[in-house]
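# Topology and contacts: notes
These are the residues of each chain, in order.
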Amino acid sequence: MLKYILPLLLFIVMAIFLAMGLSLNPRDIPSPLINKAAPDFSLPILAEPEKTLSKNELLGKVWLLNVWASWCGSCRQEHPIFNQLAKKNLVTIIGLNYKDEAPNAKQWLSQLGNPYNVSIMDQEGRTGMDYGVYGVPETFVIDKKGVIRYKHTGPVSVSDMQTLLIPLISQLKAEI
Amino acid sequence: MLVFRTLVLLILSFNCFAAVEYRKFSDPQQEQSYKTLIAEIRCLVCQNQTIADSNADLAKDLRRQVYEMLQEGKSQVEIADFMTDRYGDFVLYNPPFKAKTGLLWLGPVVFLLIGLLTLILYSRKKRRDNGLDSNVVDKEKQVKVKALLEEGEQL
């Protein structure tokens, strides 16, 4: 009897592991930065490069850091979703313009709309590295104390926005 | 045909050229550390390549970061920590042994032990089934053999 049950059990265990492996997204690498203080930055503002924005100026607010670039194809895909979010005036959206050229970035925003309260320029990708950015677009949700609470890798879909980001933002805004 | 093949090989090899930029080191030990580190850090864009092999933009930036930190006199451990603080243990080809990575490290050993155990149990069973085990003696056959031998002696 064991002779028949054992291979069956082995098969089931293997099938479970393989099914788990197939359903995981290999691009989704858990970020070690969750629940840690968002790394500091002080970067020039895209619209007014003589001014800078630093992380500390955002303390006390719930804000999103959306990493984007004009050369990034899938940023185009999520862009309308951020435009819609911006219309709701729910949260401060900071754009981290990652390894891009200012003229291209400005053109991109004037063509597709600008959902960002402020876009800052990270031309060398150093701030991106501090945030563990490895694939644009990426979106971080940061709470009032300046702690990263969530990271989304890849383009945000309508359902990600509705079921994940917006509820989380509301929850974080309710925190003292 | 040969020209075609040479061309294809040349085109395929461009990737290899592009990944290497010239780095100047005053200290040969630092250069060694650089080579060790870039061969141990995973490029997260093309996940099955090290940053030494990869031509991705991120890999270039990470190589630059490793180089700069070595120039500042940072140790290999400090640089590896810098990477795992930002990208997690996955960034190292040789991840540290801890609770989270336990299955990764011990899994193969466990499977090897299961395999060995199965092999031992199986071969033991096989031997017993074939009657090759010296402890198992067939009384009836022994009597028959003895009888036959005695018969032979009498002849």
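The preceding data block contains the structure.
## A closer look at helix α5 (residues 158-174) of chain A
Residues and elements named next belong to chain A. Here α5 spans 23 Å end to end across 17 residues, near enough to the 24 Å set by a 1.5 Å rise per residue. Largest kink in α5: about 30°, centred on L165, with the proline P167 one to four residues after it. In this fold, the buried residues of α5 make contact with β3 (63-68), α2 (73-88), β6 (138-142) and β7 (148-153).

## Focus: the packing of helix α3 (residues 57-71) of chain B against helix α4 (residues 76-87) of chain B
All names here are of chain B. At their nearest, the axes of α3 and α4 sit 10 Å apart, and the two run at 140° to each other. Here α3 lies oblique to α4, going by the angle between them. By crossing handedness, the relation of α3 to α4 is classed as right-handed. Between α3 and α4, the residues in contact are L58, L62, Q65, V66, M69 and L70 and E78, I79, F82, M83 and Y87, respectively. Partitioned by chemical class, the residues of the contact of α3 with α4 number nine nonpolar, one polar and one charged.

## A closer look at the packing of aromatic side chains
Evaluation of the coordinates by the stated rule reveals eight aromatic pairs over all chains. When the ring of W68 of chain A is compared with that of Y116 of chain A, the centres are 5.5 Å apart and the planes differ by 10°; the resulting orientation is stacked. Of this pair, W68 of chain A sits in strand β3 while Y116 of chain A sits in the loop between α3 (102-112) and β5 (118-122), and the two are 48 residues apart along the sequence. The same class applies to W68 of chain A as to Y116 of chain A, namely buried. Aromatic side chains Y34 of chain B and Y67 of chain B sit 6.2 Å apart centroid to centroid with 80° between the ring planes, which places their arrangement in the edge-to-face category.

## Re the pairing of β7 of chain A
Of the pairings in the sheet, the one linking β6 of chain A to β7 of chain A comprises five bridges and is antiparallel in character. In the strand pairing of β7 of chain A, T139 of chain A is matched with H152 of chain A.

## Topic: the state of the cysteines
Inspection of the entire model under this criterion finds one disulfide over all chains. Sulfur-sulfur distance for the disulfide between C72 of chain A and C75 of chain A comes to 2.2 Å. Across the disulfide from C72 of chain A to C75 of chain A, rotation about the S-S bond amounts to roughly 95°, and the bridge is consequently right-handed. Taken as a pair, C72 of chain A and C75 of chain A share a single burial class, namely buried. Looking at C43 of chain B, it has no disulfide partner, and the nearest cysteine sulfur is the one in C46 of chain B, 3.2 Å off. For C43 of chain B, a relative accessible area of 0% gives the class buried.

Rules used in this analysis
- Residues numbered from 1 in each chain as written.
- Chains lettered and ligands numbered in written order.
- Predicted model: local features only at pLDDT ≥ 70, side-chain atom pairs only at ≥ 80, totals over all residues.
- Heavy atoms only, no water.
- Helix = DSSP H or I, 4+ residues; strand = E, 2+ residues; numbered from the N terminus.
- Expected span 1.5 Å × (residues − 1).
- Bend = angle between axes of the 7 residues up to and from the residue.
- Contact = heavy atoms within 4.5 Å.
- Axes fitted to C-alpha atoms, helices over the stretch in contact; angles between N-to-C directions.
- Parallel < 35°, antiparallel > 145°, perpendicular 65-115°, else oblique.
- Left-handed = near helix turned anticlockwise from the far one by under 90°.
- Nonpolar A, V, L, I, M, F, W, Y, C, P; charged D, E, K, R; others polar.
- Phe/Tyr/Trp six-rings, centres within 6.5 Å; stacked < 30°, edge-to-face > 60°.
- Buried < 20%, exposed > 50% of the residue type's maximum accessible area, 1.4 Å probe, protein only.
- Pairing = 2+ DSSP bridges.
- Disulfide = S-S within 2.5 Å.

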